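# An overview of the molecular structure
In case you want the letters, here they are:
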Amino acid sequence: MSHAVRGLVSGTLPFSSVDGPGNRFVAFLQGCDFDCIACHNPYTIAVCNECGICVDHCAAGALTVVGGTVVWNPRACTGGDVCIEVCPHDSTPKARWLSVAELVERVRGPAPFLSGVTVSGGEATQQAAFVRAFFSALKADDRLKRLTRFVDSNGSASRRIWDELDPVLDGAMIDLKALDPEVHERITGRTNASVLASLRLLAERGKLAEVRLLLLPGMNDAPDQLSRTATWLCELDPHLPVKVIGFRRHGARPVAQAVPEPGPERMAGYADLLRAGGLSRLTVV
Amino acid sequence: MPQEPLEATRSATSSVAPQPVDDGPLALIRQVVEDPTLSYRQRVQQLAVHAENLLGMPPVGDACREALGQRIVCDMYEGNAPYRPRYLLPDYTKALREGSAYLELPPPADLHEALWFLASMYAQVPSITGYPVYLGDLDDVLAPYVQGMSAEEIVPVLRPFWRALDRTVPDAFAHTDLGPHDTPFARAVLRLERELKQVVPNITLKVQPGVTPDALLLDAVETVFACAKPHFVNHEMMVGDHGEGYAAVSCYNALKIGGGAHTLVRLNLREAVAHHRGASEDFFTDSLPRYVEAAAELMEARIRHLVERARFFEHDWLVREGLVSLDRFSAMFGVFGLAEAVDGLMERDGHAGRYGHDDAANALSYRITRAVAAQVAEREQPYCAGFGGRAMMHAQSGIDSDVGVTAGTRIPIGTEPDLFRHLEAVAPHHQLFASGVSDIVHFDDTAKRNPQAVVDVIRGAFAGGMREFTFNLDSNEFIRITGYLVRKSDLERIEAGARHGSTFLGAGNEAEAHCSQRATKRVVAAERLAGS
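Numbers given to residues run from 1 along each chain, matching the order in which its sequence is written. To read the labels, note that chains go from A and ligands from 1, taken in the order they are written. Per-residue local features are limited, in this predicted model, to residues with pLDDT of at least 70; the limit for side-chain atom pairs, both in listing and counting, is 80 or more; totals at the level of whole chains, interfaces and linings are taken over all residues. Hydrogens and waters are ignored; side-chain quantities use all the structure's heavy atoms.

## Section: the overall build of chain A
- Regarding its fold elements, chain A presents nine helices and eleven strands.
- Burial classification: accessible surface area is computed with a 1.4 Å probe over protein chains only, and a residue below 20% of its type maximum counts as buried, one above 50% as exposed, and the rest as partly exposed. Here chain A, with 285 residues, has 52% of them falling under the buried criterion.
- Every residue pair with non-hydrogen atoms within 4.5 Å of one another is taken to be in contact. Across chain A, the fraction of contacts at a sequence separation of at least 24, relative to all contacts at a separation of at least 6, is 68%.
- Of the side chains in chain A, 30 bear a positive and 31 a negative charge, and the two mean positions are spaced by 6 Å. Only DSSP runs of H or I with at least four residues qualify as helices, and only runs of E with at least two residues qualify as strands; both kinds are numbered from the N terminus onward. When charges are counted, Lys and Arg are positive and Asp and Glu negative, with His and the chain ends excluded. Charged groups are reduced to one reference atom each: NZ for lysine, CZ for arginine, CG for aspartic acid, CD for glutamic acid.

## Points about the overall build of chain B
- A tally of helices and strands in chain B yields 21 helices and 15 strands.
- Classification of the 532 residues of chain B by burial places 60% in the buried group.
- Contacts in chain B between residues at least 24 apart in sequence constitute 78% of all its contacts with a sequence separation of at least 6.
- Carbon together with sulfur atoms contributes 53% to the accessible area of chain B, which is approximately 20000 Å² in total. For the accessible areas, the method is Shrake-Rupley and the probe is 1.4 Å, while residue cover comes only from the protein chains on display.

## A few points about the interface of chain A and chain B
- On the side of chain B, 16 residues touch chain A, which itself brings 15 residues to the contact.
- Accessible area, probed at 1.4 Å, shrinks when two parts are joined; the buried area is that loss added up over both. Of the roughly 1100 Å² buried between chain A and chain B on both sides combined, carbon and sulfur atoms contribute 69%.
- Among the residues of chain A in contact with chain B, Phe15(A), Ser17(A) and Phe113(A) are the three that bury the most area, contributing 43% of the side total.
- Whenever two N or O atoms come within 3.5 Å, that pair is a polar contact, provided that in protein one can donate a hydrogen and the other can accept it, and provided that, for residues adjacent in sequence, both atoms are side-chain atoms. Connecting chain A to chain B are five residue pairs in polar contact (both at pLDDT 80 or more).

## What to know about unusual backbone geometry
- In this chain, Gly121(A) is followed by Gly122(A) through a cis amide linkage whose omega measures 10°.
- Mapping Gly122(A) onto the fold places it in the loop between β6 (116-121) and α4 (128-140).
- Even without a glycine there, the phi angle at Glu50(A) is positive, about 60°.
- By secondary structure assignment, the location of Glu50(A) is in the loop between β2 (24-29) and α1 (53-57).
- Accessibility expressed as a relative area gives 31% for Glu50(A), which makes it partly exposed.
- Positive phi, close to 55°, is recorded for Tyr77(B), a residue that is not glycine.
- Mapped onto the secondary structure, Tyr77(B) falls in the loop between β1 (73-74) and β2 (87-89).

## Thoughts on the environment of Pro262(A)
- Turning to its location among the elements, Pro262(A) is positioned in the loop between β10 (241-246) and α9 (264-276).
- If we skip the residues at most four places from it in the chain, Pro262(A) touches Leu215(A), Pro217(A), Gly246(A), Phe247(A), Arg248(A), Met267(A) and Tyr270(A).

## Topic: the packing of aromatic side chains
Residue and element names in this part refer to chain B.
- Two aromatic rings from Phe, Tyr or Trp, using only the six-membered ring of Trp, form a pair when their centres are within 6.5 Å; if the ring planes differ by under 30 degrees the pair is stacked, by over 60 it is edge-to-face, and anything between is tilted. Tallying each qualifying case throughout the model produces 16 aromatic pairs over all chains.
- Considering the side-chain rings of Phe161 and Trp162, the 6.3 Å spacing of their centres and the 50° angle between planes classify their relative orientation as tilted. Here Phe161 matches Trp162 in class, with each residue buried.
- Through successive ring pairs, a cluster of aromatic residues spans Tyr92, Tyr122, Tyr134, Phe161 and Trp162.
- Note on geometry: a ring has a charge over it if NZ (lysine) or CZ (arginine) is within 6 Å of the ring centre and within 35 degrees of the ring normal. Sitting over the face of the ring of Tyr246, Lys206 holds its NZ or CZ atom 4.1 Å from the ring centroid.
- Here the basic side chain of Arg367 rests over the ring of Phe284, its NZ or CZ set 3.8 Å away from the ring centre.

## Observations concerning the pairing of strand β8 (residues 253-256) of chain B
Residues and elements named next belong to chain B.
- Alternating residues of β8 divide into Asn253 and Leu255 and Ala254 and Lys256, and every residue in both groups is buried.
- Looking at chain direction, strand β7 (residues 246-249) and β8 are connected through four bridges and run antiparallel. Looking across to β8, one finds that Tyr246 is bridged to Lys256.
- Hairpin connection of β7 to β8: three residues between the antiparallel strands, including Ser250 at a positive phi of 50°. DSSP calls a pair of strands paired once it identifies at least 2 bridges connecting them.

## Notes on the pattern of salt bridges
- For this analysis, a salt bridge means a side-chain nitrogen from Lys or Arg found within 4 Å of a carboxyl oxygen belonging to Asp or Glu. Scanning all chains against the criterion turns up 46 salt bridges over all chains.
- Asp219(B) is the salt-bridge partner of Arg194(B), the closest N and O atoms lying 2.8 Å from each other. Of this pair, Arg194(B) sits in helix α9 (residues 184-196) while Asp219(B) sits in helix α10 (residues 214-227), placing them 25 residues apart in sequence.
- Since its relative accessible area comes to 25%, Arg194(B) is described here as partly exposed.
- Of the charged contacts in the structure, one is a salt bridge between Arg311(B) and Glu314(B), with a shortest N-O distance of 3.7 Å.
- Beyond isolated ion pairs, a larger network of salt bridges with shared partners links Asp152(A), Asp175(A), Lys177(A), Glu210(A), Arg212(A) and Lys243(A).

Take a look at the structure:
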């Protein structure tokens, strides 16, 4: 893989304590093949189509159109995120094409404080070649090779992509939006055959670091569905770390505002059902 | 307050003589005597301060006196006539090994005797607060008495002792140190801390790569989640400056065991800049060196008073029994208000950059602390053999009366950049401050689910040259003020009086520095009545 490969990066965080084990650097890659109702960062779904609508709304004057392309000036940006609010395409003018070398450079400063690096999204595996090149560069660097390399993914990637990442990947955290294909399609716009295949494959390889269940009351929280989900996951590995996440409206699009947020009691009920199904390493968020 | 009935009685019965009106020092004394929020013992301590201050200050020159009047230099309200060192770190290991003629106690034979020995000794250890600020590196001190015991076995023996510390040394500046080795004793202490959630003792964990395992650090981080203790220090860096026999005491003060600090004099960098006339560049050749010398002169006068006039080292029992010795003492040269000093100088030159956020401002901040450190390292101080005849740099974390000025070398509360940039900005100062520097980092509640992330940050901070690391979590019951802790519930009850002397300092500090609303990180200052 060449360092010249570039990736469309919607943003990076030097420190995160919520994207895998320990403190991690996170790169959010722009673009996702799912269109989830409950998406918490919908501006990472699409790639900017250069329509320029955001340019007129930016009070800070941080956006301009240069040769038909929307250009973001981070120095002028005040972080109001009006651009993201007004974007009709679930995108952001702030995503930037970065080379592997540029992204690796961003890891160097925080590296002594980190357990590892996570690529998230968007859907990171949509840019698998870039992810592989980035991870390879980390692995080849004497100072950075101790960092563990994780992918945070919707699980839609094919076997070919997981094979490609395998030599440089330490673990994957996969969202399972629903076990039933129809429910999954209602929530994400896609069926879940590839997600289930990814879970199975990663579990076999010992690289399934965590399964996330984002539960939306009335949509994917039926007791029967949860019980079958627990059984299915237990067949992969009863000691699989599973994180149960209650839906939060914050950050989600208007279409999701009608979905209720599960309270502590309902969350405890979900956890009881899943534990009863045999899952031993369950955390509730 | 029964004021009204009293007045009524007075006017009604003319035979009762009118009460004399006290002014000056007497008014202060009267205030203490009549303050319903002070316990008997707190009154006695504060009365002692006011009595001491009836004496004049040790003589200093006009320039020093003027800087003192302008609060550019400050004596920390230690009192006008120092008669005991500010901080003493008795060698408890030696005391236990040899017994004490003064205490009339033989060397203890077992853990119970050792704990009673220590409790007896604490009652006889002076300091600026009237209570011992150092209780010993207890894992080390008690090691001979807990051999072969598990944490489970130590906890029930230690529990009543731990409770007694909080009740009999009611001052959050009292400190014990643990580490860098993982021991059942250290684990027992952390377990008790989570269970008892006491203000006293404050705790420091010494951390050394390759020696301190992640398991102990994780246990300590979980303890911070429960009760905001311990505080973490970079053991290798400390040993480099002080040798193996050091401890962190009170609020981030690293000093030699068997020694201590005569005094702490501090320089208000904000005021130094505010009083500077002329070009900002001249600050480094004119005002700054002048004020550093003023603070050094005040320090020298106070040390001489303590050693030559009050003759502490000629009569105290700790000296006589070799538990502290003058040759392990030095003094602390404190600075604070760096943030305002930097921003003030930047403004003069028409730059908008602010400390913590701007590379040029940060560079200026390093230039200031390096200049002070260089001058302090040149300036001889009497009776400071414990640090090569010089004072030690200290980033002073404030006192309750500080308003509009940021503690030590911290970035102002609520304006801190993200954690990584925050640590990156402050770390270069740390190597300069041998006797302590405090940056309080704030984690949000999500850290609770990922303590390893906090361990990673601590290890990274020390690898990156930080000397100390203190963090707080929004949600626990304690607020770390300057280095010591107060309980939020005690602050709420302050009107009715509080058992811990330091809680009063916290109340003033809380009101003036809004440190319990630290945006997503930290704090400012306190200590005016530390002498009380």
